[in-house]
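Architecture and fold: a report
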Amino acid sequence: MIEVESLDELRRSLAGFVLTPADAEYDVARRCFNALVDRRPAAIARCAGAADVATAFDFARSHRLEIAVRGGGHNPAGHCIVDGGLVLDLTRLRAVEVDGEARIARAGGGSTWLDFDPATQAHGLVTPGGVVGSTGVCGLTLGGGIGHLTAQLGLTCDNLVGAELVTPDGRVVHASEDENAELLWGLRGAGGNFGVATRLDFRLHPLERVVGGALAYSGTGVRDALRRFRDVAAGSPRDLSLQASLSVDESLEPALVVLPCYTGADADPEVLRALRSAPGLVDDGVGAHTFLEQQRVVDSAYGENRHYWKGHFARALPDELIDELLARVVVLGRPPGGILIESLHGAPKEVDPSFGVAGFRDAAFNISAQAVWLDPGLDEQHIGWARETAAAVEPWSLGGGYVNYMQADEPIERVRAAFGADAFDRLQALKRRYDPDNVLRRNQNIPPR
Ligand SMILES: Cc1cc2nc3c(=O)[nH]c(=O)nc-3n(C[C@H](O)[C@H](O)[C@H](O)COP(=O)(O)OP(=O)(O)OC[C@H]3O[C@@H](n4cnc5c(N)ncnc54)[C@H](O)[C@@H]3O)c2cc1C
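These lines cover the structure that appears in this document, whether it is placed above or below. (Residues numbered from 1 in each chain as written. Predicted model: local features only at pLDDT ≥ 70, side-chain atom pairs only at ≥ 80, totals over all residues. Heavy atoms only, no water.)

**Some points on the overall build of the protein chain**
Assigned secondary structure in the protein chain consists of 14 helices and 18 strands. Expected size for 449 residues packed as a compact globule is a radius of gyration near 22 Å; at 21 Å, the protein chain falls within 12% of this value. Overall, the protein chain is about 65 × 55 × 40 Å in size when its C-alpha atoms are taken along their principal axes. Of the contacts formed within the protein chain by residues at least 6 apart in sequence, a portion of 72% connects residues at least 24 apart. Accessible area of the protein chain: about 17,500 Å², with a carbon and sulfur share of 49%. The positive charge centre, built from 44 side chains, and the negative charge centre, built from 61, are 3 Å apart in the protein chain. (Helix = DSSP H or I, 4+ residues; strand = E, 2+ residues; numbered from the N terminus. Rg over C-alpha atoms; globule rule 2.2 N^0.38 Å. Contact = heavy atoms within 4.5 Å. Areas by Shrake-Rupley, 256 points an atom, 1.4 Å probe, with all protein chains shown as cover. Lys, Arg positive; Asp, Glu negative; His and termini not counted. Charge placed at Lys NZ, Arg CZ, Asp CG, Glu CD.)

What follows is the structure, encoded as structure tokens:
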């Protein structure tokens, strides 16, 4: 319990403000995306800049408070909130500055894709981000970043060119190719471990219009449609990103939604025809539209549903695995959970693996069981389903999993495997340099060596 006088002192020393259980806004501010996580921090420091972050670190140290860092609040593990501790809340740092000529965007530590995309699109430019607008730019980037432009432009972290970080000892550190390059390497995939990013800088690319949207399939055609999805992705079209979501419809039979995003010159893309003519197609919502419209194709309610996600990077999606996924998706016998399949063909494979630590470039697909439910009485059942579904995918796994989707109960071996043993050693050395006391441990943690 922190004394009222101490909290007043924190209030006076921040340019931002402090929320405590006595404040009306506290209950909204402590909510994270995953309703399974219901924690009550001692205080939430809404930081207004790097100096506030350093002050909050100092306050937490002198009052022995555990720290959580909140960007967009989307991490399914709920790492952004801590019981009895101090939340470094970055939601006031949402500015995105764009230098259209240099093709660089500078994004505040708490910005979301809803802030980022309109700012860059005003210059006809993009960086490949996440598919749900309210997700944090920094949180997503620091864990890798897969979305509608992955095949064309790589992972989000492949486009990260610079950072301003506040380390737990209060230092402001910059990272770029010319300054602390090893830190920049670590931020490209294992990022929340080394400091609080008050700003990340991204390379931008010209793009305003795409052919995209959603293709929905149901009935007996779902199996064939999923095979076609796999075959189109295996052709590695550089101008087409692809994701698929397998779930059940009202009759509790498998249903499939494929999300293509094509950026080539063809108005009626040849590469999409196999998908648009597959049996079982019940809704063709694909057409030409702006990139901002594409970024609105997927949405997800914040803080309402309970979530438990578990998955693997798969080296392939053979027929046998497709059959396994179709069998698993009906086991629960109720919507709205499902299995997300993100293709990793194209640009991520062309990036030199030494560029950043994101370690899943060899994977063909990221396959994630995503249990989603409302009733706390069903926790065990849904969590069990996600774990068993992920276990069914494991024989095809490359090892490790996507840190951005991991729950808090993943063992350190899974986090190590996500990067590989050598890279994990290197990350542990970086951690010792920037956060030797492991102050930033509410994340997919890399303990200091
Ligand atoms: C609905 C939904 C859609 C998603 N879509 C995608 C997607 O399309 N592609 C994809 O790759 N991932 C996606 N994700 C996963 C998402 O990228 C990760 O969960 C990510 O951690 C969310 O970041 P956040 O800032 O929103 O979350 P938060 O919960 O606020 O932060 C998570 C953690 O990230 C770190 N962090 C956040 N900001 C900073 C910062 N400024 N400095 C230092 N550390 C920071 C901290 O460790 C923090 O605890 C999605 C998640 C959800 C729930």
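Picking up where we left off.
**Remarks on the pairing of strand S16 (residues 306-314)**
Across the 9 residues that make up S16, a large majority, 9, are buried. Neither face of S16 is open: one carries Arg306, Tyr308, Lys310, His312 and Ala314, the other His307, Trp309, Gly311 and Phe313, and all of them are buried. The sheet contact formed by S16 and strand S18 (residues 365-373) spans 9 bridges and is antiparallel. Opposite tryptophan 309, over in S18, you have glutamine 370 as the bridge partner. (Buried < 20%, exposed > 50% of the residue type's maximum accessible area, 1.4 Å probe, protein only. Pairing = 2+ DSSP bridges.)

**So, helix H4 (residues 113-121)**
Within the span of H4, buried status applies to Trp113, Asp115, Phe116, Asp117, Thr120 and Gln121. Along its buried surface, H4 packs onto strand S5 (96-99), strand S6 (104-108), strand S7 (125-126), helix H5 (137-142), strand S10 (196-203) and helix H10 (291-294).

**A few points about the site of the ligand**
Around the ligand sit 35 residues, and of these Gly71, Gly72, Gly73, Ile146 and Tyr402 come closest. If the ligand stood free it would expose 940 Å²; the protein chains cover 96% of that surface. Counting only elements with at least two residues in the shell around the ligand, the list comes to strand S3 (67-70), H5 and S10. In terms of residues, the shell around the ligand owes the most to one element, H5, which gives 4 residues. (Near = heavy atom within 4 Å.)

**Quick word on the side chain of histidine 382**
Inspection of the secondary structure puts histidine 382 in helix H12 (residues 379-393). In this structure histidine 382 touches Leu332, Arg334, Ala371, Val372 and Trp373, once residues within four positions along its chain are discounted.

**Points about the packing of aromatic side chains**
All told, the structure shown has 9 aromatic pairs when counted by the stated rule. Among the aromatic residues, ring-to-ring pairing joins Trp309, Phe313, Phe360, Tyr402 and Tyr405 into one connected group. Positioned above the aromatic ring of phenylalanine 355 is the side chain of arginine 188, whose terminal nitrogen or guanidinium carbon lies 3.7 Å from the ring centre. (Phe/Tyr/Trp six-rings, centres within 6.5 Å; stacked < 30°, edge-to-face > 60°. Lys NZ or Arg CZ within 6 Å of the ring centre and 35° of its normal.)

**A few points about the environment of glycine 186**
With respect to the secondary-structure elements, glycine 186 resides in helix H7 (residues 181-190). Residue classification places glycine 186 among the buried residues on the basis of a relative accessible area of 0%. For glycine 186, the contacting residues outside a window of four places in its chain are Gly191, Phe194, Val357, Leu427 and Leu430.

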